[in-house]
Amino acid sequence: MRHGLLEWQTRRHFLQNCSLGLAGMWLGSQANPVRGEAAQSGVTAPRLAPHFPPKAKRVIFLHMAGGPSQLELFDYKPDLQQLDGQDTPASFLEGKRFAFIQGVPKLLGPQFPFAQHGESGAWVSDRLPHFQSVVDKVCFVKSMHTTQFNHGPAQLLLHTGSQNLGSASFGAWTMYGLGSENQNLPGFVVLVSGGKTPSAGKSVWGSGFLPSVHQGVQCRSKGDPVLYLSNPEGVSRVQRRRALDTLAKLNRETFEQTGDAEVLTRISQYEMAFRMQTSATEAFDLTQETADVHAMYGTKPGEESFANNCLLARRLAERDVRFIQLFHWGWDSHGAGANEAINKGFHDRCREVDQPMTALLKDLDQRGLLEDTLVVWGGEFGRTPMRENRGGREMKLIGRDHNPGSFTMWFAGGGIKPGVSIGHTDDIGYEAVENKVSPHDLHATLQHLLGIDHHKLTYMSQGLPQRLSNVTQPSRIVTDMFA
């Protein structure tokens, strides 16, 4: 004990370790003076002031992992139907990189009938019969494009602004910039369905170079919201409180000795888990909802499903959770197997999301939450207008390869202009050609709706003031989307 105490007080220790620790703390405070408050306060993320009055207070991001085919859902191309079965012109293939297509594939027309709906006349296929009723609430952006043609990098780019690992996710940036309005639940909650996590893994909701207190918390739609949230048998809440108080004291002593902000993150996460034992259990209890609500969403309490997650998203929005991220896997429609074929598994994916995402919009609207809740829907890229032909041979089942050149996303609530379609693709839906929107443009736009100036919300890392909308690539705010 005496030896350990002296170790912290020796001149050699001070020069070798404390000087670097003090310098690091000073540099951290100078580089990020405002947003370092979360860890110091002992709570997850205190509420912080936006740069200007926001249109949206919170985000519900519905990510369809795998890349849903815009040509079977929203981007109607009658010219492509006329070209169905013809060889793809060489000019369409030169200089292009595909994940699987080889040789000369056949062009593939829309596989389902389209019709116009609502006063806006939005084109939607018959795969989304429920969603057809809410098209006047949403803004379609049909000119999304990306630089990545593989799932992992494309998902990272969409959610973190970089195709490489190590950057902070959109949700983490939102927490870093605005903090939380509910100290009894995580400010950034992640819900996964479809049987798999995204190809990029948990990095798409990670904190990257930001303090880890801002990362997303993956919760479950059945059982305890978070594993091991309940106290072990025989341990009372009073005992748990005493144990945490003692642990917090030890951790604070460690912080005073080391200056490591991650020690404070550990304290805040323990405290959050303690508060969640009552708040989260109540928030995630779907049995509290009426039979009419369950019928509207198509939910079945106790199951893990996109429908249950949509209803949970509404319950979390009611409780002022800042960022709610849903991932639904299974949209990678190559046609290599029945589960990922447009004429097989694609039907199931559409049926799984159609009713609950429609119910979510209607439910938020009737409860007065849609006005300040920003709802986002989309995948990491689109699909090709040609049929996939692995090994240069036409496959038995129908599929499309990855297409970074164009895809469709839709948005609703939170300052979004309803009942409009923005941007256009070429005559076969291959490339975005008008009012093109990149992931960086998307980040700048959505941050603006949250009251964040995307140029000002930065964090020093690797010698650069990093930001979500990217330091080296251009980005713009798509004002056409604003009400």
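Refer to the preceding data block for the structure.
Attention in this report is confined to the structure presented alongside it. Small disclaimer: the values here were computed from a predicted structure and weren't measured.

Conventions used here
- Residues numbered from 1 in each chain as written.
- Predicted model: local features only at pLDDT ≥ 70, side-chain atom pairs only at ≥ 80, totals over all residues.
- Heavy atoms only, no water.
- Salt bridge = Lys/Arg side-chain N within 4 Å of Asp/Glu carboxyl O.
- Buried < 20%, exposed > 50% of the residue type's maximum accessible area, 1.4 Å probe, protein only.
- Axes fitted to C-alpha atoms, helices over the stretch in contact; angles between N-to-C directions.
- Helix = DSSP H or I, 4+ residues; strand = E, 2+ residues; numbered from the N terminus.
- Parallel < 35°, antiparallel > 145°, perpendicular 65-115°, else oblique.
- Contact = heavy atoms within 4.5 Å.
- Nonpolar A, V, L, I, M, F, W, Y, C, P; charged D, E, K, R; others polar.
- Polar contact = N/O pair within 3.5 Å; in protein donor to acceptor, adjacent residues only side chain to side chain.
- Left-handed = near helix turned anticlockwise from the far one by under 90°.

**Things to note about the pattern of salt bridges**
Opposite charge on two side chains permits them to pair, given that their charged atoms come into close proximity.
Turning to step 1, where the next piece is worked out: Under the counting rule described, the total for this entry stands at 23 salt bridges.
Turning to step 2, where the next piece is worked out: Linking Arg367 and Asp363 is a salt bridge whose minimum nitrogen-to-oxygen distance equals 2.7 Å.
Turning to step 3, where the next piece is worked out: With a relative accessible area of 36%, Arg367 lands in the partly exposed category.
Turning to step 4, where the next piece is worked out: Here Arg387 ties to Glu394 by a salt bridge, and the two come within 3.5 Å at their closest N and O atoms.
Turning to step 5, where the next piece is worked out: The network of salt bridges with common partners includes Glu282, Glu289, Arg314, Arg315, Glu318, Arg319, Asp363 and Arg367.

**Considering the packing of helix 6 (residues 151-160) against helix 13 (residues 439-449)**
The relative placement of two packed helices is expressed as an angle between their axes plus a distance between the axes.
Turning to step 1, where the next piece is worked out: Axis separation between helix 6 and helix 13 bottoms out at 8 Å; the angle between their running directions is 25°. Judged on the interaxial angle alone, helix 13 and helix 6 are roughly parallel. From helix 6, Leu157, Leu158, His159 and Thr160 reach across to helix 13, where they touch Pro439, His440, Leu442 and His443.
Turning to step 2, where the next piece is worked out: Here the residues of the contact of helix 6 with helix 13 sort into four nonpolar, four polar and no charged.

**Regarding the side chain of Ser69**
Turning to step 1, where the next piece is worked out: Relative to the helices and strands, Ser69 resides in the loop between strand 1 (58-65) and helix 4 (78-82).
Turning to step 2, where the next piece is worked out: A polar side-chain atom of Ser69 sits 2.5 Å from a polar atom in the side chain of Glu72.
Turning to step 3, where the next piece is worked out: Ignoring any residue separated from it by four or fewer positions in sequence, one finds Ser69 in contact with Phe346, Arg383 and Arg400.

**Some thoughts on the packing of helix 11 (residues 306-318) against helix 12 (residues 345-366)**
Turning to step 1, where the next piece is worked out: Taken N-terminus to C-terminus, the directions of helix 11 and helix 12 make an angle of 15°; their axes are 8 Å apart at the nearest point. Our classification of the angle between helix 11 and helix 12 gives roughly parallel. Like other packed secondary-structure pairs, helix 11 and helix 12 cross with a definite hand, here right-handed. For the pair helix 11 and helix 12, contact is made by Phe306, Ala307, Cys310, Arg314 and Ala317 and by Glu352, Val353, Pro356, Met357, Leu360, Asp363 and Leu364, respectively.
Turning to step 2, where the next piece is worked out: In terms of residue class, the contact of helix 11 with helix 12 is made up of nine nonpolar, no polar and three charged.

Geometric descriptors of this kind do not, in isolation, establish any biological role.
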